[in-house]
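Examining the three-dimensional arrangement
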Amino acid sequence: TVATNAAPGDHDVLLRAARGEKTERTPVWLMRQAGRYMADFRKYSDKIPFRQRSENPEIATELSLQCWRAFGVDGVIMFSDILTILPALGIEFDVVKGKGPQIEDTPRSAERVARFEADAKKFDPTSQLPFVAQTLKNLRKETEGKTTLVGFVGAPWTLCAYACEGGS
């Protein structure tokens, strides 16, 4: 269980440090990769493919909270991937155990780039990535302001590099 008797201001020490503010201590958080070493995490990862875990709000919420519940860290990082946005832009990917992200239909030809441009113009995160908002909503409810929540996505250059190279 998580300690709920944190000192005033302790719940946002990670956020304050990220803003460059002086904090009373160094914040601690663990990325999703830390979960690989937790038996509770492996109960999911051994049976459920990565994208199914990250795109299902209930599973993503549970996996996001595991390190916080186990260790009382200063931040909950949403279980996701930097490439989550790509399918909404017309570029499908899969995360293959032991290999990382794999993209078959890379935008390397003029025709494929034109198709990507058309898909990108229709980008609507609310309808195409509803699981992101739902996961964050779930996390806010579960943590009740007791810790900092962190979401992330790859920057345009990173997304382009993965998409064009076909993976990592």
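In the block above lies the structure referred to throughout.
This section reports on the structure supplied with the text.

Details of the nonpolar core
- The biggest cluster of nonpolar side chains holds 12 residues, and these are Leu83, Ile85, Leu86, Ala88, Leu89, Ile91, Phe93, Ile103, Leu129, Phe131, Leu159 and Ala163.
- Apart from residues no more than four positions distant in its own chain, Leu83 is found in contact with Phe93, Pro101, Leu159 and Tyr162.
- With nine residues, the next largest nonpolar core counts Met38, Phe50, Ala60 and Leu63 among its residues.

Quick word on unusual backbone geometry
- A positive phi angle, near 45°, is found at Glu144, a position not held by glycine.
- Along the polypeptide, Glu144 turns up in the loop between α7 (130-143) and β4 (148-150).
- A residue is classified by how much of its surface remains accessible, and Glu144, at 58% relative accessible area, is exposed.

Re the packing of aromatic side chains
- Applying the stated criterion across every chain yields a total of two aromatic pairs.
- Between Phe50 and Phe79, the ring centres sit 5.3 Å apart and the planes meet at 45°, which makes this aromatic pair tilted. Residue Phe50 is found in helix α3 (residues 50-54), and its partner Phe79 is found in the loop between β1 (75-77) and β2 (94-96); the two are separated by 29 residues along the sequence. Phe79 matches Phe50 in its accessibility class, with the two residues each being buried.

Thoughts on the pattern of salt bridges
- Summed over all chains, the structure comprises 14 salt bridges.
- Note that Asp105 is salt-bridged to Arg112, the shortest N-O span being 3.0 Å.
- Note on Asp105: relative accessible area 38%, which makes it partly exposed.
- For Arg112, a relative accessible area of 3% translates into the label buried.
- The residue Asp119 makes a salt bridge to Lys122 at a minimum N-O spacing of 3.8 Å.
- By relative accessible area, Asp119 is classed as partly exposed at 21%.

The rules behind these values
- Within any chain, residue numbers begin from 1 and follow the written order of that chain's sequence.
- The predicted origin of the model limits local features to residues at a pLDDT of at least 70 and limits the giving and counting of side-chain atom pairs to 80 or more, whereas totals for whole chains, interfaces and linings rest on all residues.
- Side-chain numbers come from the whole structure's heavy atoms, not from hydrogens or water.
- In plain words, nonpolar cores are sets of buried Ala, Val, Leu, Ile, Met, Phe, Trp, Tyr and Cys residues tied together by side-chain atoms within 4.5 Å.
- Working definition: with a 1.4 Å probe on protein chains only, accessible area under 20% of the residue-type maximum means buried, over 50% means exposed, and in between means partly exposed.
- Only heavy atoms matter for contacts: two residues are in contact if any of them lie within 4.5 Å across the pair.
- Labels follow the DSSP assignment, with helices taken as runs of H or I lasting at least four residues and strands as runs of E lasting at least two, numbered in each case from the N terminus.
- Aromatic pairs are defined between Phe, Tyr and Trp rings, using the six-membered ring for Trp, whenever the two ring centres lie within 6.5 Å; interplanar angles under 30 degrees are classed as stacked, those over 60 as edge-to-face, and all others as tilted.
- We define a salt bridge as a side-chain nitrogen of Lys or Arg found within 4 Å of a carboxyl oxygen belonging to Asp or Glu.

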